[in-house]
Every structure is written in C-alpha cells, then in structure tokens.
Amino acid sequence: MTRRIGLLGGSFNPAHRAHRAMSLAAAAALGLDEVWWLVSPGNPLKPKAGMAPYGARLASARYQARRSLIKVSDIERELGTVYTVDTISALVRRFPRHRFIWLMGEDTVAQFHQWKDWRRLAATVPIAVLSRPGYKSGARTARVSGWLRRFVRPEAQARDWTRWSAPAIVFLGLPPDRTSATQLRAADPLWHERFARNMVAGSGVTSTAEHRRNLG
C-alpha cells in the first residue's frame with residue numbers, strides 16, 4: 001500500500017515539542033499518513049560540542065512522538081549516512097511504494113545551499129517549507145530560493161503534492177509556534193540525563209526492519 005510520508009531530519013536537541021507541533025500541522029496540511037523523524041547522529045553544519053548523547057536524543061524524540069502519527073527512526077545510524085541527500089536516496093530505494101516529501105523549517109532555508117548536493121536532493125523528492133516566526137522574509141530571499149523559485153507550487157494545492165514532479169517546493173503557512181530550543185535547554189539543561197537509561201542501541205526506535213513490517 002502506498003503511504004504518504006513526511007521526512008523531518010535533525011539533531012532533535014531538544015526542541016521536540018516544537019518539532020511535534022510542526023510535524024502534526026504539516027501532516028494535516030499535506031495529508032500525510034506518517035511523519036518520520038530522522039534523528040541524526042551529527043549535523044555537519046553544527047558543532048558537536050554541547051550536543052546531547054545520541055541515545056538520549058532518540059529516547060526523548062520517541063517520548064515526544066508517542067500516541068501520534070510520528071515515527072522515530074535511526075536509519076541514518078544504520079546506513080552510516082551523514083548527508084540528507086544520501087539518506088533520502090536510500091529511503092527512496094528501500095521503500096519504492098511510498099511517496100516522500102522533505103519537511104524543512106524556514107530557519108534552515110538560508111543554509112540549504114550549503115548542504116551536500118542540495119539540487120539533487122530537491123530533484124529527488126518534493127520539499128515543504130514550514131513557517132517559523134521571524135524567518136519568512138529570509139526564507140523567500142535566501143540564495144537557494146532563486147533557483148527554486150520557478151518550482152514553487154501554490155499552498156492551496158499542498159495536498160496534491162504526490163502528483164508533483166520534483167523539483168517542487170511549497171511554503172506552508174502553519175500556525176505559529178514560538179517554542180525556542182535555546183530557551184528549553186536553558187530551562188532544563190540536564191534534560192538528557194532523564195533518558196540516559198534508554199541509551200541502549202535500538203531502545204524506543206523504529207528500525208528499518210520495523211518500518212518494512214509496519215508499512216508493508
């Protein structure tokens with residue numbers, strides 16, 4: 001059975017509440033069956049210093065995703081991929097019956113041109129840009145937007161994204177969520193210690209094999 005899957009990647013360190021709200025709003029806007037959180041072992045564009053342990057981030061993501069259509073995946077660790085373009089290419093090959101759309105916050109659009117093979121990524125799956133407070137003008141004027149501008153689709157047609165041929169990009173005006181990861185870390189700097197007991201490999205994580213069983 002064909003499934004409509006939104007992919008959201010990141011370190012998830014630790015603004016899961018904001019990620020959950022954005023994911024569920026995007027799922028409603030795009031008519032998604034599921035949103036897969038691809039918890040990255042590391043972000044090449046961010047320093048490793050200060051990043052919480054990988055196992056704690058996985059366990060915390062699972063906790064925030066509970067009782068929802070969000071699935072947490074350790075596929076990047078399993079594949080050994082570092083770059084999003086390689087992860088998405090592998091997912092497209094492994095799950096040929098699914099349709100994927102990449103979910104990206106407006107705050108990351110300005111850096112998109114620094115991602116490895118970003119044009120190839122955009123040509124592999126459609127992209128949905130999720131609104132974030134204070135970033136709208138920056139997202140529209142970012143260097144990458146010049147190349148993508150001719151591929152922008154109307155938000156009113158967002159639920160028809162499976163009919164689009166990539167490159168295709170849609171800007172979603174989602175309800176504003178002003179949750180700040182920086183403020184969350186400052187308010188609860190030892191949050192990851194609560195999940196330390198779950199740092200064993202695979203605990204609370206949907207593996208590729210499980211995806212195959214659950215999704216056909």
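See the structure printed just above.
This structure is a prediction, so every number in the text was calculated from the model and none was measured. (Residues numbered from 1 in each chain as written. Predicted model: local features only at pLDDT ≥ 70, side-chain atom pairs only at ≥ 80, totals over all residues. Heavy atoms only, no water.)

### A closer look at the overall build of the protein chain
The test is simple: By definition, any uninterrupted DSSP run of H or I lasting at least four residues is a helix, any uninterrupted run of E lasting at least two residues is a strand, and each is numbered from the N terminus. Each residue is assigned to one of three classes by its accessible area relative to the maximum for its type, calculated with a 1.4 Å probe on protein chains only: buried under 20%, partly exposed between the two thresholds, exposed over 50%. In this analysis, two residues are considered to be in contact whenever any of their non-hydrogen atoms come within 4.5 Å of each other. Each accessible area is a Shrake-Rupley result for a 1.4 Å probe, and residues are judged covered by the shown protein chains and nothing else.
Within the protein chain one finds 10 helices and 6 strands. Every one of the 216 residues in the protein chain was classed for burial, and the buried ones make up 49%. Residue pairs in contact within the protein chain that sit at least 24 positions apart in sequence constitute 79% of those at least 6 positions apart. If you sum the accessible surface of the protein chain, you get close to 10,600 Å²; carbon and sulfur atoms cover 50% of it.

### Considering the side chain of histidine 19
As for its position among the elements, histidine 19 is in helix 1 (residues 16-30). A residue is classified by how much of its surface remains accessible, and histidine 19, at 18% relative accessible area, is buried. Residues in contact with histidine 19, not counting those within four places in the same chain, are Leu8, Phe12 and Trp37.

### Let's talk about the environment of valine 82
Mapped onto the elements, valine 82 comes out in the loop between helix 3 (75-79) and helix 4 (84-94). Valine 82 gets classed as partly exposed once you look at its relative accessible area, which sits at 46%. With 42 residues separating them in the primary sequence, valine 82 and serine 40 have C-alpha atoms 7.8 Å apart.

### Observations concerning the pattern of salt bridges
To keep things clear, this is the line we draw: We define a salt bridge as a side-chain nitrogen of Lys or Arg found within 4 Å of a carboxyl oxygen belonging to Asp or Glu.
Considering all chains together, one arrives at 6 salt bridges under this definition. Taking the shortest distance from any N to any O, the salt bridge between glutamate 78 and arginine 94 comes out at 3.2 Å. Of this pair, glutamate 78 sits in helix 3 while arginine 94 sits in helix 4, and the two are 16 residues apart along the sequence. Exposure remark for arginine 94: the relative accessible area of 30% places this residue in the partly exposed category. Via salt bridges that share partners, Asp86, Lys116, Asp117 and Arg120 belong to a single interconnected network.

### Quick notes on the sheet that holds strand 4 (residues 99-105)
Applied cut-off: When DSSP locates at least two bridges between a pair of strands, those strands are taken to pair. In this analysis an axis means a line fitted to C-alpha atoms, helices contributing only their contacting stretch, and an angle means the value between N-to-C directions, from 0 to 180 degrees.
Judged by pairing direction, the sheet is parallel, and its 6 strands sit side by side in the order 3-2-1-4-5-6 without closing on themselves. If you trace the sheet from one side to the other, it starts and ends with strand 3 (70-73) and strand 6 (169-172), each paired once. The sheet shows a mean angle of 30 degrees between the axes of neighbouring strands, taken without regard to direction. Sheet strands touched by helix 2 (residues 54-65): strand 2 (34-39) and strand 3. Its angle to strand 2, the strand with the most contacts, is close to 165 degrees. Relative to the sheet, helix 4 contacts strand 1 (4-10), strand 2 and strand 4, its axis offset from that of strand 4 by approximately 160 degrees.

### Description of the packing of aromatic side chains
Defined as follows: We call Phe, Tyr and Trp rings a pair once their centres come within 6.5 Å, taking the six-membered ring for Trp, and we label the pair stacked below 30 degrees between planes, edge-to-face above 60, and tilted otherwise. Only lysine NZ and arginine CZ atoms are considered, and such an atom sits over a ring when it is within 6 Å of the ring centre and within 35 degrees of the ring normal.
Under the counting rule described, the total for this entry stands at 5 aromatic pairs. Relative to phenylalanine 95, the ring of tryptophan 36 lies with its centre 5.3 Å away and its plane at 75 degrees, an arrangement referred to as edge-to-face. With a gap of 59 residues between them, tryptophan 36 in strand 2 and phenylalanine 95 in the loop between helix 4 and strand 4 connect regions that are remote in the sequence. Take tryptophan 36 and phenylalanine 95: they sit in the same class, and that class is buried. Measuring from ring centre to ring centre gives 6.3 Å for tryptophan 102 and tryptophan 115, while their planes differ by 80 degrees; the resulting arrangement is edge-to-face. Taken as a pair, tryptophan 102 in strand 4 and tryptophan 115 in the loop between helix 5 (106-109) and helix 6 (118-124) lie far apart in primary sequence, 13 residues in all. Following the ring pairs from residue to residue traces out a cluster consisting of Trp102, Phe112, Trp115 and Trp118. A cation over an aromatic ring shows up here: arginine 66 above the ring of tyrosine 63, its NZ or CZ 3.9 Å from the ring centre.

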